[in-house]
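# Descriptive structure summary
What follows is the residue order along each chain.
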Amino acid sequence: MKKTTMMNQQRRLFLRSAFTAAGIGLVLGSASPKRLLAEALAGQSGASAPGLGALFGGDFKVGTALSNNTLQAQNPGLEALVAREFSAITAENAMKWEEVHPQADVWDWQRADHFVDFGQRHQMYTIGHTLVWHSQMPESVFVDGHGRLRKRSDIEQTMESHIAALAGRYRGKIQAWDVVNEAVTDDGQWRKSHWYNALGENYFSRAFHLAREVDPNAELLYNDYNMTIPAKRDFALEQIVKFRKQGMPVHGVGMQAHVHLSEPAIAKIEASIEAIAAAGLDVHITELDVDVLPQAYDYMGAEISTNFAYSEELNPFPEQLPEKIVDELAARYESLFKLFLKHRDKVRRVTLWGTTDAESWKNDWPVVGRTNYPLIFDRDGEPKKAYYAVAGLKVAAKSS
Ligand code: XIL
């Protein structure tokens, strides 16, 4: 007991000096203090590495989304990085309908199994993403071989058997499911998806009831983007509260948080965290990334079918990000995590949408072929200034 305390103290002192040095390094732009800090964080003195998951352990989980490349185990270094830094994982694509269940009687479990094994091996909070969504769906779920819409009862039964098989296979191994994804439009109505058109709004509550029956211990979440738009957020919360009164099991709301350098403003994000908590629901930040590139046609959101033509003006940093924006990115991450810490009683998890910049979906969405820098690890898996800005919030707090 005593020994551990002493080791913690030593580690804290070591980290504090490393962070101070790194702070100076950031100002001077020198690389070596940064390396010193990286070495400190990698657990120099034989102590286990204090990754973000450990640093924020008393506040909330810190997660990352695992790409299919990571899951196909081509990169052991990346796996070690994830295991060291994060305490939660989401499958970026491996559990989506078109990947895991591409045809009515075909299931492809390989990547999803790897994902769940990974979570088990490293004892991570493991999130299933996602059971019911309008995107990345085989069209055949809704339309028959003659191009006709299937019957309502067939579509409902397909949804039921999908949830039963997927959530059932991993029962007890998934801590939270994004049960329904993106069911609401930005102007605060039900999205007129195939699900809604076929089954009406009750598809929403049906999905939560089914998930509960299949995996009674998993936390059940509603997940969406642009949850800082009041009309959208309020409609979603109204519906969830309405259904909950009728007995629908639900634990929390996921704010995807695909944000930009200055938008949405911290105050708007805070208002939504407070609104979700006031409705009696946990807040999960589920897909955080910070787009640093010019906004294509002012589009804000994360509807994955959106696509704009490539132009060089939209891709201004193909080689590297200018230092000024590197700093802005670090400052943005710092203020986001400061906000999450301020609301640590409401925020249960903060998950980044990807691990390194190299694999971020933001390189290809909403414009294909750009070079974006939205995460806190660079293309080589090295921590960026944004990483130190986030970690520094805890090390500074611990050592003061
Ligand atoms: C994205 C993935 O990151 C991409 O690899 C894929 O091509 C499209 O979907 N909202 C969600 C996520 O809920 O599942 C999406 O992920 C991003 C927007």
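The rules we used
- Residues numbered from 1 in each chain as written.
- Predicted model: local features only at pLDDT ≥ 70, side-chain atom pairs only at ≥ 80, totals over all residues.
- Heavy atoms only, no water.
- Helix = DSSP H or I, 4+ residues; strand = E, 2+ residues; numbered from the N terminus.
- Buried < 20%, exposed > 50% of the residue type's maximum accessible area, 1.4 Å probe, protein only.
- Polar contact = N/O pair within 3.5 Å; in protein donor to acceptor, adjacent residues only side chain to side chain.
- Contact = heavy atoms within 4.5 Å.
- Near = heavy atom within 4 Å.
- Areas by Shrake-Rupley, 256 points an atom, 1.4 Å probe, with all protein chains shown as cover.
- Nonpolar A, V, L, I, M, F, W, Y, C, P; charged D, E, K, R; others polar.
- pLDDT = per-residue confidence, 0-100.
- Axes fitted to C-alpha atoms, helices over the stretch in contact; angles between N-to-C directions.
- Parallel < 35°, antiparallel > 145°, perpendicular 65-115°, else oblique.
- Left-handed = near helix turned anticlockwise from the far one by under 90°.
- Core = buried A, V, L, I, M, F, W, Y, C linked by side-chain atoms within 4.5 Å.
- Salt bridge = Lys/Arg side-chain N within 4 Å of Asp/Glu carboxyl O.

## Here we look at the side chain of Asn181
The topology assignment puts Asn181 in strand S4 (residues 176–181). Taking relative accessible area as the criterion, Asn181 reaches 2% and is therefore assigned buried. Within the local environment of Asn181, its side chain forms a polar contact with the side chain of Asn223, the two groups lying 2.9 Å apart. Apart from residues no more than four positions distant in its own chain, Asn181 is found in contact with His129, Thr130, Val132, Trp133, Tyr222, Asn223, Asp224 and Gln256.

## Some words on the site of the ligand
Residues in close proximity to the ligand total 15 residues, the closest being Glu92, Asn93, Lys96, His129 and Glu287. Measuring from an oxygen atom of the ligand, one finds a side-chain N or O atom of Gln136 at 3.2 Å. Protein chains bury 85% of the 420 Å² of accessible surface belonging to the ligand in isolation. Partitioned by chemical class, the residues of the shell around the ligand number five nonpolar, six polar and four charged.

## Some remarks on the confidence of the model for the chain
Confidence along the chain averages 89 in pLDDT terms, with 87% of residues attaining 70 or more. Segment residues 1–33: pLDDT under 50, and 29 contacts once partners within four positions in sequence are set aside and those in other chains are kept.

## Concerning the packing of helix H12 (residues 266–278) against helix H13 (residues 323–342)
At a minimum axis separation of 11 Å, H12 and H13 run at an interaxial angle of 25 degrees. The angle between H12 and H13 places the two elements in the roughly parallel class. Remark: the crossing between H12 and H13 carries right-handed chirality. In contact with Ile266, Ile269, Glu270 and Ile273 of H12, H13 contributes Arg332, Ser335, Leu336, Leu339, Phe340 and Lys342.

## Some thoughts on the nonpolar core
In this structure, Trp195 and Tyr333 are the most contacted members of the largest nonpolar core, which totals 104 residues. Considering each element in turn, this core owes the most residues, ten residues, to H13. When residues no more than four places from it in sequence are discounted, the contact partners of Trp195 are Trp97, Val132, Trp133, His134, Met137, Val141, Phe142, Ile155, Met159, Gly200 and Tyr203. One finds Ala65, Ala302, Trp353 and Trp361 within the second-largest nonpolar core, a separate group that totals six residues.

## Description of the pattern of salt bridges
Going through the model one piece at a time under the given rule, you end up with 24 salt bridges. Across the pair Lys394 and Asp59 runs a salt bridge, and its minimum N-O distance is 2.7 Å. In this pair, Lys394 sits in helix H14 (residues 385–399) while Asp59 sits in the loop between helix H3 (52–55) and strand S1 (61–66), placing the two residues 335 residues apart along the sequence. As far as burial versus exposure is concerned, Lys394 and Asp59 are alike and both buried. A salt bridge links Lys242 to Glu201; its shortest N-O distance comes to 2.7 Å.

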